[in-house]
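Coordinates in review
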Amino acid sequence: MDEKEYAKHIDEIVELRHYFHQHPELSNQEFNTTKKITEVLNNWGVKIIPTKLDTGLLAEIKGTQPGPVVGLRADIDALPVYENTKLVFKSQNAGIMHACGHDLHMSSLLGTIRFFQDHQDLVNGTLRFLFQPAEEAGGGADQVLQKDVLSGVQALIGFHNNPNLPVGTIALQPGPMMAGCYKFDIKIKGQGSHGAKPEKSKDPIVVLAAIISSLQTIVSRNIDPQDAVVVSVTHVSAGKVWNVIPGEATLGGTVRLFNLKDAAIVKKHLIELAQRIAAAYEEKVEVIWDERTLPIANDVKLTQAVINNLSIKVQKPVLSMAGEDFATYQKQIPGVFAFIGSNGKSDAADWHEPEFVGFDEMLPIGIQYFVEGTLGLLKYLK
Ligand code: NI
């Protein structure tokens, strides 16, 4: 395929990208975004398959020959961030921003649909295009699965733009790509007293401090040094005034990892340390452990099929400690996920930062990855 084919409708796709960037919407509130995508697909004469989703949608293109069903996924939601860029198409919705570049993802998917409409003869099978809501707040992929939106899909392909990589690069590999993401909360229950009468208290602040210190040993003393695992305490709360020892204290944070066996190890030690430290001070704790997203793990054979069919040289990825709910699909549907360079400047802001900028020039690469990757999957699954 001549690479110019991927950029044939690029002016229209860039215009759409700017529209989405100017009109970002939070998770589960992507009503205008869904309406816009629907309008565009209706104008193009693309079939939209009815689903039970409140936001987001599913479109379909059938090839000229029967064959396997491949799903292509882009997320469509934005973040509660005040945009601080100099883009002429910056957000018009104050306090909401496409700071993760999902505008690039959905525009690339639209460009891919446009391509396949011109080239249905290349498709031996059926393509289902998923515009997924609520990736950021979590739960979007779960909704899609619970509402049976992807029934019949045999393989799924997706990507995340990556501002740390220059435009023109694609990074992927079989196996891990992005971290599993867990949330924990620990509530310590002691006994409050006057600040001048500590003997009458069971001071939860002392327990809080001891727990925080001990959590630092979970990774260093229990995890195989070859594995990457993060345990971060990100918020604490206890007391309100200078002369009262409070009765309760809370702390919480996140755990990131790539190997599921490490999740079990971290969970066990986190709960036991909290309980035993509290018991030593005659206090009680409640620990909540919440699995948010699993690690993204690319299917080995499907990933090879995608890589073999890409005409862009593929780089080995730097694993990301961020989480992505594409992993949720991979529990049920084997999938392939890549990073596509969207900036690459040495001072490029990262995902979720108010200064985040992804370049329009990424879009033809996003389309090329989707097209060539999908055709690779169709060939393999046939
Ligand atoms: Ni994202």
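Residues numbered from 1 in each chain as written. Predicted model: local features only at pLDDT ≥ 70, side-chain atom pairs only at ≥ 80, totals over all residues. Heavy atoms only, no water.

So, the pattern of salt bridges
Tallying each qualifying case throughout the model produces 17 salt bridges. A salt bridge links Lys-35 to Glu-39; the nearest nitrogen and oxygen atoms lie 4.0 Å apart. Placement of the pair is Lys-35 and Glu-39 together in helix H2 (residues 31-44), with a separation of four residues, close to one helical turn. Assessed through its relative accessible area of 37%, Glu-39 is described here as partly exposed. The salt bridge partner of Arg-73 is Asp-75, with a shortest N-O separation of 3.9 Å. (Salt bridge = Lys/Arg side-chain N within 4 Å of Asp/Glu carboxyl O. Helix = DSSP H or I, 4+ residues; strand = E, 2+ residues; numbered from the N terminus. Buried < 20%, exposed > 50% of the residue type's maximum accessible area, 1.4 Å probe, protein only.)

Remarks on the coordination of the nickel ion
Taken together, the protein ligands of the nickel ion are Cys-100 (SG), His-102 (NE2) and His-160 (NE2), with distances of 2.1 to 2.3 Å. All donors of the nickel ion come from a single chain, and their spacing in sequence reads C-x1-H-x57-H. Looking at His-102, the relative accessible area reads 0%, which means it is buried. (Donors = N, O, S within 2.8 Å, 3.2 Å for Na, K, Ca; no water.)

Comments concerning the sheet that holds strand S13 (residues 284-293)
Within the open sheet, the four strands sit side by side as S10-S12-S8-S13. Their pairing is antiparallel. Only two strands of the sheet have a single partner each, and these edge strands are strand S10 (229-238) and S13. For this sheet the average axis-to-axis angle between neighbouring strands, irrespective of direction, equals 15°. Inspection of the sheet shows S10 paired to strand S12 (residues 248-257) by nine bridges, in the antiparallel sense. The partner of Val-231 across the bridge, within S12, is Val-255. Strand contacts of helix H6 (residues 260-280): strand S8 (180-189), S10, S12 and S13, with the helix running at about 165° to S13, the strand carrying the most contacts. (Pairing = 2+ DSSP bridges. Axes fitted to C-alpha atoms, helices over the stretch in contact; angles between N-to-C directions. Contact = heavy atoms within 4.5 Å.)

Regarding the domain arrangement of the protein
Assigned domains within the protein: domain 1 (3-178 + 295-381) and domain 2 (180-292). A C-alpha centroid distance of 38 Å is found between domain 1 and domain 2. With 10 residues of domain 1 at the contact, the number on the domain 2 side is 11 residues. Summed over both partners, the interface of domain 1 with domain 2 comes to about 740 Å²; 71% of that surface belongs to carbon and sulfur atoms. Together, Pro-295, Met-321 and Gly-323 form the three largest contributors to the area buried by domain 1 at its contact with domain 2, with a combined 68%. (Domains from an automatic or database assignment. Buried area = accessible area lost by both parts, 1.4 Å probe.)

Some thoughts on the packing of aromatic side chains
Per the stated rule, a full pass over the model turns up 10 aromatic pairs. In textbook terms, an aromatic cluster arises when at least three aromatic residues are bridged by ring pairs, as seen for Tyr-6, Phe-115 and Phe-116. The ring of Tyr-19 carries Lys-36 above its face, with NZ or CZ at 4.3 Å from the centroid. (Phe/Tyr/Trp six-rings, centres within 6.5 Å; stacked < 30°, edge-to-face > 60°. Lys NZ or Arg CZ within 6 Å of the ring centre and 35° of its normal.)

Things to note about H2
Here H2 spans 20 Å end to end across 14 residues, near enough to the 20 Å set by a 1.5 Å rise per residue. Buried within H2 we find Thr-33, Thr-34, Ile-37, Val-40, Leu-41 and Trp-44. Take H2 and look down its axis: the buried residues cluster within an arc of 130°, on one side only. Across H2 from its buried face, at more than 90 degrees, point the exposed residues Phe-31, Lys-35 and Asn-43. On its buried face, H2 sits against helix H1 (10-22), strand S1 (47-49), strand S2 (57-62), helix H3 (102-118) and strand S4 (124-132). Two residues or fewer after H2 comes Gly-45, characterised by a positive phi angle close to 75°. (Expected span 1.5 Å × (residues − 1). Arc of directions from axis to C-beta.)

Notes on the nonpolar core
By size, the foremost hydrophobic cluster in this structure holds 107 residues, and its most contacted members are Leu-41, Leu-110, Phe-129, Phe-131, Ile-211 and Tyr-369. Considering each element in turn, this core owes the most residues, nine residues, to helix H9 (residues 363-381). Counting contributing residues per domain, this core is built from domain 1 (3-178 + 295-381) and domain 2 (180-292), each supplying no fewer than three. Excluding anything up to four places from it in sequence, Phe-131 contacts Ile-37, Leu-41, Gly-56, Leu-57, Ala-74, Ile-76, Met-106, Leu-109, Leu-110 and Ile-113. (Core = buried A, V, L, I, M, F, W, Y, C linked by side-chain atoms within 4.5 Å.)

Digging into unusual backbone geometry
Backbone geometry places Asn-28, a non-glycine residue, at a positive phi of 70°. For Asn-28, the position within the fold is in the loop between H1 and H2. What makes Asn-28 partly exposed here is its relative accessible area of 35%. Backbone geometry at His-352 places phi at a positive 75°, although glycine is not the residue there. Assignment of secondary structure puts His-352 in the loop between strand S16 (335-343) and H9. His-352 sits in the partly exposed class, given a relative accessible area of 38%.

Some details on a nonpolar patch on the surface
A surface patch of nonpolar side chains, amounting to about 390 Å² of accessible area, comprises Val-241, Trp-242 and Val-244. Relative to the helices and strands, Trp-242 is located in the loop between S10 and strand S11 (244-245). By relative accessible area, which is 81% here, Trp-242 ends up exposed. (Patch = residues over 30% accessible without salt bridge, like charges linked within 9 Å, V, L, I, M, F, W, Y side chains within 5 Å. Areas by Shrake-Rupley, 256 points an atom, 1.4 Å probe, with all protein chains shown as cover.)

Focus on the packing of helix H7 (residues 300-309) against H9
Where H7 meets H9, the axes come as close as 8 Å, and the angle between the chain directions of the two elements is 125°. Viewed along their axes, H7 and H9 adopt a mutual orientation that is oblique. For the pair H7 and H9, the crossing hand works out as right-handed. Contacts between H7 and H9 involve Lys-301, Leu-302, Ala-305, Val-306 and Asn-309 from the former and Tyr-369, Glu-372, Gly-373, Leu-375, Gly-376, Leu-377, Lys-379, Tyr-380 and Leu-381 from the latter. (Parallel < 35°, antiparallel > 145°, perpendicular 65-115°, else oblique. Left-handed = near helix turned anticlockwise from the far one by under 90°.)

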